[in-house]
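Survey of secondary and tertiary structure
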Amino acid sequence: MGLTARDQQLVAAIQGGLPLVSRPFAEIGARIGLSENETIERIQALLADGTIKRLGVVVRHHELGYRANAMTVWNIPDDQVDELGRRIGGVNFVTLCYRRPRHLPDWPYNLFSMIHGQNRAAVLHNIEHLIERCGLKAIQHEVLFSRRRFKQCGAHYIDAPPHQPVVARMHSPSEGQA
Amino acid sequence: MDTRDATIINQLQGGFPITERPYAEVAKTLAITEKELIERLENLLAEGLLSRFGPLYHAERLGGGLTLAALHVPDEGFDRVAEQVNHFPEVAHNYQREHHLNMWFVLATETAERIDEVLTEIEQKTGCRVYNVPKIEEFFVGLRFEL
């Protein structure tokens with residue numbers, strides 16, 4: 001891939017999180033032999049080209065009281081999926097919205113949206129609202145509530161030297177982000 | 001967690017300045033000190049309300065693979081299969097969901113080619129057919145909660 005060896009080191013150095021110190025980029029740079037300025041420039045470049053989608057806090061929704069989540073899936077005609085995907089993705093309680101392949105006949109759904117809420121009733125209410133607001137009454141859908149979460153951890157992208165902790169986590173995605 | 005913590009989380013889900021003193025900059029907009037912001041972030045991480053404070057990568061651009069996949073697992077074998085699937089280090093999340101396809105997991109691999117290999121291994125190990133539903137297009141990147 002397009003990453004230089006140095007950027008790979010940088011990606012590995014921050015994947016577990018930024019240091020909680022006054023000058024975090026100086027500390028990151030010191031670990032991999034970059035100056036503070038170089039570190040800042042490279043991170044800005046990785047954000048600008050989309051290698052880093054975002055830098056900030058990643059919440060654990062369950063621990064924050066969002067105890068229900070529903071992967072809500074839609075069977076949208078192919079020629080409408082871009083338009084409706086954008087509409088669904090633009091609603092503020094929808095946390096993820098992806099087009100994915102169908103597996104006919106078992107699985108007819110081609111748009112996946114993740115909807116969280118304090119409880120099931122709140123999630124279902126949001127879905128009703130979504131159907132109204134985005135004009136989805138004619139669209140076949142299913143709501144897949146989560147019953148148990150077995151694992152929410154280590155997406156591990158790049159090996160760091162053994163002395164560095166590597167605990168990269170993905171949101172999730174939601175969780176569920178993939 | 002108090003309302004100030006909620007404000008911090010709301011603000012920092014949106015991004016973080018890439019500057020020499022980023023915490024000081026954010027703290028200023030929240031009318032708190034840099035020290036208080038850092039301590040509150042440490043507490044939120046220690047309490048597990050935040051899974052981390054750092055980057056979300058575009059996995060494919062790093063050369064890695066990422067996908068979502070599902071299985072139908074018969075009820076009586078569910079825990080055994082969950083253990084088998086979770087045992088793969090490439091499995092990042094795994095949820096039981098209410099549907100005929102009742103197990104949904106995210107795979108993240110260091111190379112794109114490795115996705116198919118791991119899915120085949122999971123199929124062989126569990127005896128369950130894998131439904132692979134990789135992302136075709138993304139309409140929203142948020143995963144953002146307003147608290």
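Residues numbered from 1 in each chain as written. Chains lettered and ligands numbered in written order. Predicted model: local features only at pLDDT ≥ 70, side-chain atom pairs only at ≥ 80, totals over all residues.

**A look at the overall build of chain A**
As a reminder of what qualifies: What counts as a helix is a DSSP run of H or I of at least four residues, what counts as a strand is a run of E of at least two, and both are numbered from the N terminus. Residues are called buried when their C-beta atom has 20 or more other C-beta atoms within 10 Å, exposed when it has 12 or fewer, and partly exposed otherwise; all C-beta atoms are positioned from the backbone. Two residues form a contact once the distance between their C-beta atoms, set from the backbone, is within 7 Å.
Each helix and strand counted, chain A has 5 helices and 5 strands in total. Seen in sequence order, chain A has helices and strands lined up from the N terminus as α-α-α-β-β-α-β-β-α-β. Here chain A holds 178 residues, and 44% of them are scored as buried. For chain A, long-range pairs separated by at least 24 residues make up 57% of all intrachain contacts whose partners lie at least 6 apart in sequence.

**Some thoughts on the domain arrangement of chain A**
Convention followed: Where each domain starts and ends comes from a domain assignment, either automatic or drawn from a database.
Each assigned domain of chain A is listed here: domain 1 (5-48) and domain 2 (68-145). The gap between the C-alpha centroids of domain 1 of chain A and domain 2 of chain A is 37 Å.

**What about helix 1 (residues 3-13) of chain B?**
An α-helical segment advances 3.6 residues per turn. Residues three or four places apart therefore align on the same side. We apply this condition: Arc definition: it is the arc formed by the directions from the helix axis to the C-beta atoms.
Restricting attention to buried positions, one finds in helix 1 of chain B the residues Ile-8, Ile-9, Leu-12 and Gln-13 of chain B. Buried residues of helix 1 of chain B fall within an arc of 120° about the axis and therefore sit on the same side. Close packing links the buried residues of helix 1 of chain B with strand 1 (52-59) of chain A together with helix 2 (22-30) and helix 3 (34-46) of chain B. In the segment just after helix 1 of chain B, Gly-15 of chain B is the residue with positive phi, at about 145°.

**Let's talk about unusual backbone geometry**
Along the chain, Leu-104 of chain A connects to Pro-105 of chain A via a cis peptide bond; the corresponding omega equals 0°. A positive phi is found at Ala-31 of chain B, a non-glycine position, where the angle reads about 60°. When you line up the elements, Ala-31 of chain B lands in the loop between helix 2 and helix 3. Judged by the 8 C-beta atoms lying within 10 Å of it, Ala-31 of chain B is exposed.

**What about the interface of chain B and chain A?**
Here is the rule we go by: Amino acid classes used here: Ala, Val, Leu, Ile, Met, Phe, Trp, Tyr, Cys and Pro are nonpolar; Asp, Glu, Lys and Arg are charged; the rest, including Gly, are polar. Pairing between strands is defined by DSSP: at least two bridges between the two strands are required.
At the interface, 68 residues of chain B touch 72 residues of chain A. It is strand 1 (residues 50-57) of chain B that contributes the most residues to the side of chain B that touches chain A, 8 residues altogether. A breakdown of the residues in the side of chain B that touches chain A according to their chemical character gives 38 nonpolar, 17 polar and 13 charged. Inspection of the sheet shows strand 1 of chain A paired to strand 1 of chain B by 7 bridges, in the antiparallel sense. The partner of Gly-56 of chain A across the bridge, within strand 1 of chain B, is Gly-54 of chain B.

**Structural notes on the domain arrangement of chain B**
One widely used convention gives an interface's size as the accessible area the parts lose upon coming together. As assigned here, chain B comprises domain 1 (3-46) and domain 2 (59-132). Averaged C-alpha coordinates put domain 1 of chain B and domain 2 of chain B at centres separated by 36 Å.

**Let's talk about the packing of helix 4 (residues 78-86) of chain B against helix 5 (residues 114-126) of chain B**
Residues and elements named next belong to chain B. Heads up, the rule is: Only the stretch in contact is used when fitting a helix axis, every axis being a line fitted to C-alpha atoms; angles between N-to-C directions are given from 0 to 180 degrees. Note on angle classes: values under 35 degrees are labelled roughly parallel, values over 145 roughly antiparallel, values of 65 to 115 roughly perpendicular, and the remainder oblique. Here a crossing is called left-handed whenever its near helix is offset anticlockwise from the far helix by less than a right angle, and right-handed whenever the offset is clockwise.
In contact at an axis separation of 10 Å, helix 4 and helix 5 are set at 150° when each is read in the N-to-C sense. When the axes of helix 4 and helix 5 are compared, the pair comes out roughly antiparallel. Of the two elements, helix 4 crosses helix 5, and the hand of that crossing is right-handed. Side by side, helix 4 and helix 5 meet where Val-81, Gln-84 and Val-85 of the first sit next to Ile-122, Lys-125 and Thr-126 of the second. Residue composition of the contact of helix 4 with helix 5, grouped by class: 3 nonpolar, 2 polar and 1 charged.

**Re the nonpolar core**
Residues and elements named next belong to chain B. Rule in force here: Think of a nonpolar core as buried Ala, Val, Leu, Ile, Met, Phe, Trp, Tyr and Cys residues, each tied to the set through C-beta atoms within 7 Å.
Counting 77 residues, the largest nonpolar core has Met-103, Phe-105 and Leu-107 as its most contacted members. Of all the elements, strand 4 (residues 103-109) adds the most residues to this core, at 6 residues. When near neighbours in sequence (up to four residues on either side) are disregarded, Met-103 contacts Ala-70, Leu-71, Val-73, Val-81, Ala-82, Val-85, Asn-94 and Gln-96.

**Side note on the pairing of strand 2 (residues 65-71) of chain B**
Residue and element names in this part refer to chain B. For strand 2, the tally of buried residues reaches 7 of 7 residues, placing the bulk of the element in the interior. A two-sided burial pattern is seen for strand 2, the buried positions comprising Gly-65, Thr-67, Ala-69 and Leu-71 on one face and Leu-66, Leu-68 and Ala-70 on the other. Sheet topology note: the strand 2/strand 4 ladder contains 7 bridges and is antiparallel. Paired with Ala-70 across the bridge in strand 4 is Trp-104. For strand 2 and strand 5 (residues 130-132), the ladder comprises 3 bridges, and the chain directions are antiparallel. In the strand pairing of strand 5, Ala-70 is matched with Tyr-131.

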